[in-house]
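If you want the building blocks of each chain, they are given just below.
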Amino acid sequence: SELNLNLIDNKISISNSNFKGTYKKTLITGRVNLFASPFDDTGDLSLKILTNDLDYEDALNLFPNLNYTKLTKSWLRKSISCGSLESFSFIYRGPIDNQYHDSSSTFQSEGVFNNSCLNVNDLEINNINLVTKINNNFFLGEILDGDFYGSKITGAVKTYKKDTNYRLELKGNSEGPF
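The model shown is predicted, which means the values in this text are computed figures rather than measured ones.

1. Focus: unusual backbone geometry
Even without being a glycine, Lys25 presents a positive backbone phi close to 70°. Along the chain, Lys25 falls in the loop between strand E2 (11-23) and strand E3 (26-36). Classification of Lys25 by relative accessible area gives exposed; the value is 83%. Even without being glycine, Asp53 reaches a positive phi, approximately 55°. Here Asp53 is to be found in the loop between strand E4 (43-51) and strand E5 (54-55).

2. Description of the pattern of salt bridges
Applying the stated criterion across every chain, the model contains two salt bridges. Glu169 is the salt-bridge partner of Lys158, the closest N and O atoms lying 3.7 Å from each other. With a gap of eleven residues between them, Lys158 in strand E10 (residues 151-162) and Glu169 in strand E11 (residues 165-175) connect regions that are remote in the sequence. According to the relative accessible area criterion, Lys158 is partly exposed, its value standing at 24%. In this structure Glu169 comes out as partly exposed when scored by relative accessible area, which is 26%. The salt bridge partner of Lys171 is Glu169, with a shortest N-O separation of 3.8 Å.

The rules we used
- All chains use their own residue numbering, which begins from 1 and follows the written sequence.
- A pLDDT threshold of at least 70 governs which residues receive local features in this predicted model, and a stricter bar of 80 or more applies before side-chain atom pairs are shown or counted, although totals over entire chains, interfaces and linings include all residues.
- Note: side-chain values were computed over all heavy atoms of the structure, leaving out hydrogens and water.
- Helix and strand assignments come from DSSP, with helices taken as H or I runs of at least 4 residues and strands as E runs of at least 2, each series counted from the N terminus.
- Burial here depends on accessible area, computed with a 1.4 Å probe over protein chains only, as a share of the maximum for the residue type. Under 20% is buried, over 50% is exposed, and the range in between is partly exposed.
- Any Lys or Arg side-chain nitrogen found within 4 Å of a carboxyl oxygen on Asp or Glu counts as a salt bridge.

Shown next as structure tokens:
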């Protein structure tokens with residue numbers, strides 16, 4: 001990996017630098033930017049990570065621990081109990097010192113959960129292939145196929161915050177004995 005380092009006003013910045021490495025024995029690639037703050041010695045970090053075939057638990061460990069991602073991350077940890085993520089990308093942008101005086105942050109992710117297990121209100125759906133999108137505290141998953149007590153299912157799952165409440169919305173179809 002090569003970092004494109006620059007010195008701007010005696011502050012280090014990194015611009016559009018690609019990297020490659022391993023995380024938990026899985027190859028990851030990505031791009032990093034560090035924009036120096038004009039106000040102090042900190043800056044904003046922009047990080048994009050791409051990976052294939054990453055274990056679901058390892059992927060969730062890469063999600064940042066931000067106030068607005070806590071509920072989504074917690075719900076995913078409780079609801080997904082097996083599988084892997086393929087063609088997954090994570091994008092984080094925020095202050096490097098985690099202070100938000102002159103900055104804000106965002107987190108986005110999208111990809112595919114393969115052969116996953118989803119538990120929704122104690123109902124287990126197995127062998128799910130789920131296309132997901134996460135934008136801060138909003139999760140949208142399209143269930144391409146899955147097994148629910150011998151029935152084939154398709155559908156959508158959405159979690160989001162409305163006012164002060166966190167909501168779960170499910171829609172779908174089943175074909176089979178259930």
